[in-house]
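Analysis of the macromolecular model
In case you want the letters, here they are:
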Amino acid sequence: MRNKKTVATLNEGSVRAATAASTVAPSGRLLSVDALRGFDMFWIVGGDHVVRSLPRIHDSVATREVAEQMEHCAWAGFHFYDLNFPLFVFVVGVSLVFSLRRMLACDGRAAAVKRIAIRSLVLFLLGIFYMGGVANGFSNMYFAGVLHRIAVAYFFAALLFCFFPPRALAAICAGLLIGYWALMTFVPVPGIGAPTLAEPGKNLAHYLDQLYLPGQKFEGTILSTMAAVANCLLGVFAGLLLERPDIPPQRKVFWLFAAGVVSLSVGLLWSLQFPIIKLLWTSSYVLVACGVSAILLGMFYQAIEIWKLERWFRPFIWLGMNALTVYIVANIVNFPRLSLRFVGGNIKVLLGAYAELVSALVGLCLVMWFAFFLYRRSIFLKL
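Residues numbered from 1 in each chain as written. Predicted model: local features only at pLDDT ≥ 70, side-chain atom pairs only at ≥ 80, totals over all residues. Heavy atoms only, no water.

1. Structural notes on the packing of aromatic side chains
Inspection of every chain in the model, using the stated rule, returns 22 aromatic pairs. With a centroid separation of 4.8 Å and an interplanar angle of 85°, the aromatic rings of Phe85 and Trp281 are classed as edge-to-face. With Phe85 in helix α4 (residues 84-107) and Trp281 in the loop between α10 (249-270) and α11 (283-306), the pair connects residues that are 196 residues apart, well separated along the chain. Taken individually, Phe85 and Trp281 each receive the classification buried, so the pair is uniform in this respect. An angle of 50° between the planes, with centres 6.4 Å apart, marks the rings of Phe300 and Phe316 as tilted. Here Phe316 lies in helix α12 (residues 314-320) and Phe300 lies in helix α11, a separation of 16 residues in the sequence. For the pair Phe300 and Phe316, one class covers both residues: buried. Of note, Arg52 hangs over the ring of Tyr81, and the distance from its end group to the ring centre comes to 5.2 Å. The ring centre of Trp281 lies 5.0 Å from the NZ or CZ of Arg149, which sits over that ring. (Phe/Tyr/Trp six-rings, centres within 6.5 Å; stacked < 30°, edge-to-face > 60°. Helix = DSSP H or I, 4+ residues; strand = E, 2+ residues; numbered from the N terminus. Buried < 20%, exposed > 50% of the residue type's maximum accessible area, 1.4 Å probe, protein only. Lys NZ or Arg CZ within 6 Å of the ring centre and 35° of its normal.)

2. Focus: the nonpolar core
Of all hydrophobic cores here, the largest spans 116 residues; its most connected members are Leu96, Met184, Leu233, Leu242 and Leu297. If we skip the residues at most four places from it in the chain, Met184 touches Pro195, Leu197, Asn203, Leu204, Ala205, Leu223, Phe274 and Leu280. (Core = buried A, V, L, I, M, F, W, Y, C linked by side-chain atoms within 4.5 Å. Contact = heavy atoms within 4.5 Å.)

3. Some thoughts on the environment of Thr282
Following the sequence through the fold, Thr282 ends up in the loop between α10 and α11. Separated by 201 residues in the primary sequence, Thr282 and Tyr81 have C-alpha atoms spaced 16 Å apart. For Thr282, the residues in contact, after removing those within four places along its chain, are Tyr180, Phe274, Pro275, Ile276 and Ile277. Separated by 2.7 Å, the side chain of Thr282 and the backbone oxygen of Pro275 make a polar contact. (Polar contact = N/O pair within 3.5 Å; in protein donor to acceptor, adjacent residues only side chain to side chain.)

Below you can see the structure in the form of structure tokens.
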């Protein structure tokens, strides 16, 4: 692989310089982590549209079920598309282990904390911009969204990593998940009484947002930050495993799979009492999503770091090494709409039932070309 200059990406501005001899950058960064991040981005920036178009070609129970997986659950439940957000937060946690370890060793804790604060603030401000900025007035601004949540989860998880050893982090993570469950289960909601998760609007997280969160709101953001930080810490534990030189690579894959199965199982069992709800980022949702994330990380690590199949994952690597840039540009450019300049109008009519699929594929190809262009030119957004 061509040598790359030092770069920094969305989750922690991590340094990479890939070499032809290894998929591990001199900085210790793993391309399997970049590829997994890119896999996540693939479904966010166009892969979902491709799958959603399938029922237009052949309407059946199977195609409708597959297409439905590309939509978020309206309330309780778990679809494939509900994995995207927590998977990204999980990868943020994996990455910060490598970047902060270097920063702490080279610059010290004070410098690391300063860098964490600046990066988190910039990412939060980018989140406001992504959600429309002040276009609709200050009262309609979004202070809760994807980049906002990543910024806050990274901020707290990174600070905890700087000040606490792994065992303490594990206790904190468990405390956050259990504490959030206890608050949502046992604390009465003013004006409602006993909380219920059977429907939206009757839980403590929703109440606190209505009371304290300015601008546009989702179901519950402030209180669910507890679970989001735990989500990031679970990624930190995976990063701590991957950075250890004394554990053979194949054994690392085994532990990732084992941890993933345990987390998934506990999450499913917990969901019997504390439902899997993405809008509330429930503890069961975090464990299920992070369980799947750990298994996926094990699969990517096996394929890229052990089997050396990097070339088969290069499109994901292009996306993963420029995740923030692609995400923001896709919001501004609107690649699905841009694709209609190539396959819209009369061409769309001629394509008939295949029009939506072709349009989705063209839009996805435009995104991939953009990511490839940035990669080849060594253009990376640095935070």
